[in-house]
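Overview (structure and organization)
The lines below spell out each chain.
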Amino acid sequence: VASIVYWKSNRSRRREWRNDTVVITGGCGNIGRAICDELIKRGAKVVLLDKSCNHEDYEKMFVKCDLSQSASIKSALDSIPNITVLINNCGVFNNGKKFMNLSEQDFDNVINVNFSSYTRTIRQVLPRMLKSKDKNCVIVNMASCLGIAGVPYMTDYCASKFAIYGFNEALRMELKAMNVEHIKTLIM
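What you are looking at is a predicted structure, and each value in this text was computed from that prediction instead of being measured.

1. Thoughts on the nonpolar core
Most often, soluble globular proteins have nonpolar side chains that are buried together. Within the largest apolar cluster, 46 residues are counted, with the highest numbers of intra-cluster contacts made by Leu49 and Ile87. With seven residues, helix α4 (residues 104-131) is the single largest residue contributor to this core.

2. Overview of the packing of α4 against helix α5 (residues 155-177)
In the contact formed by α4 and α5, the axes pass within 7 Å of each other and the chain directions differ by 20°. With respect to α5, the axis of α4 lies roughly parallel. The way α4 lies across α5 gives a crossing that is right-handed. Residues Phe107, Val110, Ile111, Asn114, Phe115, Tyr118, Thr119, Ile122 and Leu126 of α4 form the contact with α5, whose own contacting residues are Thr155, Asp156, Tyr157, Ala159, Ser160, Lys161, Ala163, Ile164, Phe167, Leu171 and Leu175. Classifying every residue of the contact of α4 with α5 gives 14 nonpolar, four polar and two charged.

3. Quick notes on helix α3 (residues 70-78)
Of the positions making up α3, those classed as buried are Ile73, Ala76 and Leu77. Taken down its axis, α3 places every buried residue within 95° of arc, on the same side. Turned more than 90 degrees off the buried face of α3, the exposed positions are Ala71 and Ser75. On its buried side, α3 packs onto β1 (21-25), β2 (45-50), β3 (62-64) and α4.

4. Section: the state of the cysteines
If you walk through the whole model with that rule in mind, you get one disulfide. The disulfide partner of Cys28 is Cys53, and the gap between their sulfur atoms is 2.4 Å. On the sign convention where negative is left-handed, the bridge of Cys28 and Cys53, at about -105° about the S-S bond, is left-handed. Of this pair, Cys28 sits in the loop between β1 and α2 (30-41) while Cys53 sits in the loop between β2 and β3, placing them 25 residues apart in sequence. With respect to burial, Cys28 and Cys53 carry one shared label: buried. You can see Cys145 has no disulfide; the closest cysteine sulfur is in Cys158, sitting 8.5 Å from it.

5. Concerning the packing of α3 against α4
Running from amino to carboxyl end, α3 crosses α4 at an angle of 35°, the nearest separation of the two axes being 10 Å. Crossing hand, α3 versus α4: right-handed. Residue-level inspection shows Ser70, Ile73, Lys74, Leu77 and Asp78 of α3 in contact with α4, the latter providing Ser117, Arg120, Thr121, Gln124, Val125 and Arg128. Each residue belonging to the contact of α3 with α4 can be placed in one class, and the counts come to three nonpolar, four polar and four charged.

What counts as what
Residues numbered from 1 in each chain as written. Predicted model: local features only at pLDDT ≥ 70, side-chain atom pairs only at ≥ 80, totals over all residues. Heavy atoms only, no water. Core = buried A, V, L, I, M, F, W, Y, C linked by side-chain atoms within 4.5 Å. Buried < 20%, exposed > 50% of the residue type's maximum accessible area, 1.4 Å probe, protein only. Helix = DSSP H or I, 4+ residues; strand = E, 2+ residues; numbered from the N terminus. Axes fitted to C-alpha atoms, helices over the stretch in contact; angles between N-to-C directions. Parallel < 35°, antiparallel > 145°, perpendicular 65-115°, else oblique. Left-handed = near helix turned anticlockwise from the far one by under 90°. Contact = heavy atoms within 4.5 Å. Nonpolar A, V, L, I, M, F, W, Y, C, P; charged D, E, K, R; others polar. Arc of directions from axis to C-beta. Disulfide = S-S within 2.5 Å.

Here it is, written out as structure tokens:
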């Protein structure tokens, strides 16, 4: 959380969050709520995308969204103007099942939510950021230490997080090759 909040927009000053509209996927979970709370303290307008939110304090910021479905993501993001920061934070796992005990559906669901939803949200937000007059946009992709070191009984989760590292690196390099300087990517 601290790394995101204190992310420097340039080397001479810290980011001013007052002018930001921040979208957090999986925002009603523990990490999402912690990020949300800190960014609200700093003055950001925060929108949480999730399947459900059982916290009254977040009701006004919550937009219902099935992050495993492209149409749901598009509909939710279309309702949010001027997104300057996207924090892809959603994630699921299968409670440490052996790879051979995971159904294909279980495995695919983890990949779909933990990786494919990130690419879907970026597909919707990136064109808007590219056209944005705001010269300080950022895309944050939450990964895990399990994205750099595989562990037994977490093959699905590790695979999804490894994918995020590779995707984020390639996207960063693609933006650089396009001479896009106002959109930064960050992996956590």
